[in-house]
Amino acid sequence: MAAEEKWKGWALEQQQEAEHGGEREPCVLRGRQLGEPGRFAYAALCGTSLAWLFPENEQSSFRTEFVKGFVKWLNLPDAVLPAITAFADGLGGEGIETFTEILLKDPILKESPLLITQDLLSFSLQDGSYDARARVLICRVSRLLRIPLEDLEVLEESLLESLKEQKEEESETAEISRKKKERRKKLKRYLLIGLATVGGGTVIGLTGGLAAPLVAAGAATIIGSAGAAALGSTAGIAVMASLFGAAGAGLTGYKMKKRVGAIEEFEFLPLTEGRQLHITIAITGWLCTGKYGSFTAPWSSMLHSSEQYCLAWESKYLMELGNTLDSLLNGFVNMMAQEALKFTVLSGIVTALTWPASLLTVASVIDNPWGVCLRRSAEVGKHLAHILLSRQQGQRPVTLIGFSLGARVIYFCLQEMAQEKDSQGIIEDVVLLGAPVEGEAKHWKALTRVVSGRVINGFCRGDWLLRFVYRTSSVQLTVAGLQPVDLDDRRMVNMDLSSVVNGHLDYMKQMDTILKAVGIKTKECQPEEKGSGSLFSPQAKKSQRAAGSEAGGEENTRKKEDEAEGSTCRTPDGSTS
């Protein structure tokens, strides 16, 4: 990767400078080394970006606390705080280009504006909590400064790599000595770590290997010498524990010890072996015998993060549903459905009277398992919400991706989170594909209170199966998986997947193509795709434009595309998330 090699070369120079610079510490709080005009422009750029990204009243405390801490971080005079606070409250947005130009002219950034991304990452991680809103802000500021957003991924991964290397370099004697000290200080450390993470509702134990000394130049290069020294302290151990969750095990450490309500199965399965400062959870919508008999099968090509999980839930019921759908839809019913399509999709009216009698005779075969899974998916979604609220995943941003009933799990998860306090800053992006949920904007408004980045609704107008299972509902009922959600919010992105998805079963069978269409990185992505600078691939932009032109005109679509590019983050290969 060209960007990674470029960054590593710069990092090596910084490391050598740190080793031979005597008393000089070039990596300490890089933002403070900017001239005063540069520091003011830097703070103002973050303030105006916060106002654009999170203008809601319920986000005011986050904006205020962020700029207050950031002004202090940059060692700016207290007298500038009212101005930066005003920017964060929505004033001065028209000056964003001026702030960007002033900042880029600072001599410190002449060689690499990436120092700003590094500095913002350091500021965001200083207390052991990586807020999803902070990551979305870093992505936007990086883009405004024309910094390839894949560099953020490299910075995050390199930080973790340096921690891993420090652990491997620990001698056997040192390890024995450390373990003895850990046993003696166990109670004290539990207390310290508990205090550091009590806001997440989880008292966290030892860090599972991440508590190694972290004062080498490798870590110092990424987060600064002062930051690395802090991470090597007892308080630093608590910081890392806070980031990575219970015992450093992440979500795989969670087991449902007893039945929760009607839920019989709930477990996280790892899709990757890596660790990352942001994670992805994929949720499958049904199972069927054969190739797609496992929860992980549809996600085999996804590589949105180095740390990905798949939620295993209610497999008995999902398998029954999947086999029913597969057997019916691959038989004569599929032919009858094509006839039904003529009467329903083209007319836009769905009632029980428009469906062929031959299809209605087998309706109960589908309706029973579908109804069971509808109810259980809602319960699983609510349970997932409380798992995430308890910070089992640590203090890290989470992206949720699901199709069909898996998308319904996500929908109810977000609805549940929206009713709880301290639910903001956990979820970065969500992708709902063929979601069997209400499509009226008023029902989706709550989701924007929880999601910091994008809410992507992938739909297919010709999904006759989804229409069929909703045939007995009111004619006025809108279904998100069939049409755009007309919500006026910069987070909302509607993706018309009709050119990719011919029917509901295609959400599983065509997942690789769908992921690429909505801008999610896959293993097959080629290096030349790097640095595109936009949220979606060309195919995805075409789909979004098609949806947007029908929902509100081409001008509105271009506006939403510009907004989408401004607040989203690219994955390690350069695609965006």
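Computed from a prediction, not measured in an experiment: that's the story for all the values here.

### Here we look at the side chain of S142
Then, in step 1: Of note, S142 is situated in helix α7 (residues 132-144).
Then, in step 2: Within the structure, the side chain of S142 is placed 2.8 Å from the backbone oxygen of I138, a separation counted as a polar contact.
Then, in step 3: Contacts of S142, omitting those with residues within four sequence positions, involve T117, I147 and L149.

### Things to note about the pattern of salt bridges
Then, in step 1: Counted under the stated rule, the structure contains 16 salt bridges.
Then, in step 2: A salt bridge links E264 to K316; the shortest N-O distance between them is 3.8 Å. Of this pair, E264 sits in the loop between α13 (234-244) and β1 (266-270) while K316 sits in helix α14 (residues 315-329), and the two are 52 residues apart along the sequence.
Then, in step 3: Judged by its relative accessible area of 35%, E264 is partly exposed.
Then, in step 4: Close ionic contact of E307 with R275 constitutes a salt bridge, the shortest N to O distance being 3.5 Å. Taken as a pair, E307 in the loop between β2 (279-283) and β3 (308-313) and R275 in the loop between β1 and β2 lie far apart in primary sequence, 32 residues in all.
Then, in step 5: In this structure E307 comes out as buried when scored by relative accessible area, which is 1%.

### A closer look at the sheet that holds strand β4 (residues 398-403)
Then, in step 1: Taking strand neighbours across the sheet as the criterion, the 7 strands line up as β1-β3-β2-β4-β5-β6-β7 in an open arrangement whose pairing is mixed. The sheet terminates laterally at β1 and β7 (492-496), the two strands that pair on one side only. Taken over all neighbouring pairs, the strand axes of this sheet differ in orientation by 20° on average, direction set aside.
Then, in step 2: Where β2 lies against β3, 4 bridges are found, and the strand directions are parallel. Along β3, the bridge assignment pairs I281 with Y309.
Then, in step 3: Its contacts with the sheet place helix α18 (residues 405-418) against β2, β3, β4 and β5 (427-433), and it is angled at close to 140° to β4.

Here is what the cut-offs are and how they apply
- Residues numbered from 1 in each chain as written.
- Predicted model: local features only at pLDDT ≥ 70, side-chain atom pairs only at ≥ 80, totals over all residues.
- Heavy atoms only, no water.
- Helix = DSSP H or I, 4+ residues; strand = E, 2+ residues; numbered from the N terminus.
- Polar contact = N/O pair within 3.5 Å; in protein donor to acceptor, adjacent residues only side chain to side chain.
- Contact = heavy atoms within 4.5 Å.
- Salt bridge = Lys/Arg side-chain N within 4 Å of Asp/Glu carboxyl O.
- Buried < 20%, exposed > 50% of the residue type's maximum accessible area, 1.4 Å probe, protein only.
- Pairing = 2+ DSSP bridges.
- Axes fitted to C-alpha atoms, helices over the stretch in contact; angles between N-to-C directions.

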